[in-house]
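One letter stands for each residue in the lines below.
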Amino acid sequence: MAPATANIPVIDLAGDEQADAVARQLVAAAEEHGFIYIKNRGHDIPAAAVDEAFSLSRKIFDTPLEEKQRCAIQTNNRGWTGMHAETLDPKNQKVGDLKEAFNFGEFVDGKAQQPIPSTVAADEARFAAFADLCRALCLKILRLLGLGLGVGDFFSSAHFTTQAGSGTVLRFLRYPPADSSSLMSSSHVRAGAHSDYGSITLLFRLPGQAGLEILRRDGVWAPVPVSPPGTAEDPAPPILVNIGDLLSYWTNRLFRSTVHRVVFPATATTAAATTTYALEGESSAAPRYSIAFFCHPVGSMRLEPVPSQRVKDYVPTGDATSANPYAERKVMTADEHLFMRLKETYGTLYDEKKEDAP
């Protein structure tokens, strides 16, 4: 049985002379899909920079456990988390996600504002440089989305006004292979179904590593290939971008904060097999690595609909798969929304240390 198709559009950001046309494409993709491939010609984030980031990722996760535990995650959402520590779908998961992660908050003058493992201390500037590349690309996309909605620099000006003061996170993830039977049962997923907490996310993945799925409008889970058709010859793999909850709030749900998850494809020989199917050339037989840059605005930003005629004219469909599932919550600021989502994910941690809330 062939897998369902995600049908995510591929958009070339091109040059400034085509900004209006690109902005329209981005807005249409954000409305219809919530996920977008950005054609990466190596100008925004060179392939060598992505390769180096994945090399640094392996270095973090190969760090001895005691050293990672010294940098355990705090309520500012920075640090290391181990297997089952995070539960992205608490309503439906019996156990936490089958993954480990390391979160870097914003860097200031090339320095991490948190403890980092001694094994990567000499690489601090390299992590910061990659975060800077991600930051610049996010600003470019946010400006184009604002242009497409007729609200100018509203989105971009709400972000990165200082080198600190937002929930922006550069996150490195490692998922164990499907044959790690001692870690899994039929109730385990790699990352539970969820929407992202911020404004936009940049996602980097390695070829051949299966698992990411999005929930389509028709309620079908569809796998998302690392390299969609037509991008095999690109100088660098396309960058996957998805809309987060905050852009859903700001656009009165015009932009889709699409639900997604990471699973074990059914073609893998594992007790955790599901009804999903691996794409050709992809498997979960080896560890899966990914890198996410979660872009957040300044924490005090209010989450009210922007003054866009297109947003004003939009009537939500009521389709639960097409909108931020938290859109009915009365959240006033970006920080309040982030804290609410993090508390659902790491409930015990936040119950114990409320005074450290982001």
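The name that an unreviewed UniProt entry assigns to the protein chain is Fe2OG dioxygenase domain-containing protein, with the source organism given as Purpureocillium takamizusanense.

**Student:** Any chance you could explain helix α2 (residues 47–61) here in plain terms?
**Tutor:** Every α-helix winds through 3.6 residues per turn, so residues three or four apart in the chain are directed the same way. Look at α2: 22 Å from first C-alpha to last across 15 residues, which is about the 21 Å you get at 1.5 Å a residue. Ala-49, Val-50, Ala-53, Phe-54, Leu-56, Ser-57, Ile-60 and Phe-61 are the residues of α2 that are buried. All buried residues of α2 project into a common sector of 160 degrees when viewed along the axis, lining one side. Counted as exposed and oriented over 90 degrees from the buried face of α2: Ala-48 and Asp-51. Residues of α2 that are buried make contact with α3 (65–70), β4 (100–104), α4 (124–149), β7 (169–175), β9 (200–205) and β14 (288–295).

**Student:** What exactly am I supposed to notice about the packing of helix α1 (residues 19–32) against α4 here?
**Tutor:** Helix packing geometry: the angle between the two helix axes and the distance between the axes. For the pair α1 and α4, interaxial distance at closest approach is 8 Å and the crossing angle is 90 degrees. Put simply, α1 runs roughly perpendicular to α4. Between α1, through Ala-19, Asp-20, Val-22, Ala-23, Leu-26, Val-27 and Ala-30, and α4, the contact on the second element is made entirely by Ile-141, Leu-144, Leu-145, Leu-147, Gly-148 and Leu-149.

**Student:** Got a minute to help me understand the pattern of salt bridges in this structure?
**Tutor:** Close approach of charged atoms allows side chains of opposite charge to pair. Scanning the entire structure with this criterion turns up 18 salt bridges. Between Lys-140 and Asp-44 there is a salt bridge; the shortest N-O distance is 3.3 Å. One end of the pair, Lys-140, is in helix α4; the other, Asp-44, is in the loop between β2 (35–38) and α2, with 96 residues separating them in the sequence. Judged by relative accessible area, Asp-44 falls into the partly exposed class, the value being 24%. The partner of Glu-86 in a salt bridge is Arg-171, and the shortest N-O contact between them spans 3.0 Å. With a gap of 85 residues between them, Glu-86 in the loop between β3 (79–81) and β4 and Arg-171 in strand β7 connect regions that are remote in the sequence. Look at Arg-171 and you get buried, because its relative accessible area is 6%. Members of the salt-bridge network, linked through shared partners, are Glu-52, Lys-59, Asp-123 and Arg-126.

**Student:** Mind showing me how you'd approach the sheet that holds strand β8 (residues 191–194) here?
**Tutor:** Pairing between the strands of a sheet comes from backbone hydrogen bonds, and it takes one of two forms, parallel or antiparallel. Read from one edge of the open sheet, four strands run β8-β13-β10-β11, paired in antiparallel fashion. The open sheet has two edge strands, β8 and β11 (221–223), and neither has a second partner. Averaged over all neighbouring strand pairs, the angle between strand axes comes to 20 degrees, with direction disregarded. As paired elements, β8 and strand β13 (residues 260–262) share two bridges and run antiparallel to each other. Looking across to β13, one finds that His-194 is bridged to His-260.

Definitions and limits used
Residues numbered from 1 in each chain as written. Predicted model: local features only at pLDDT ≥ 70, side-chain atom pairs only at ≥ 80, totals over all residues. Heavy atoms only, no water. Helix = DSSP H or I, 4+ residues; strand = E, 2+ residues; numbered from the N terminus. Expected span 1.5 Å × (residues − 1). Buried < 20%, exposed > 50% of the residue type's maximum accessible area, 1.4 Å probe, protein only. Arc of directions from axis to C-beta. Contact = heavy atoms within 4.5 Å. Axes fitted to C-alpha atoms, helices over the stretch in contact; angles between N-to-C directions. Parallel < 35°, antiparallel > 145°, perpendicular 65-115°, else oblique. Salt bridge = Lys/Arg side-chain N within 4 Å of Asp/Glu carboxyl O. Pairing = 2+ DSSP bridges.

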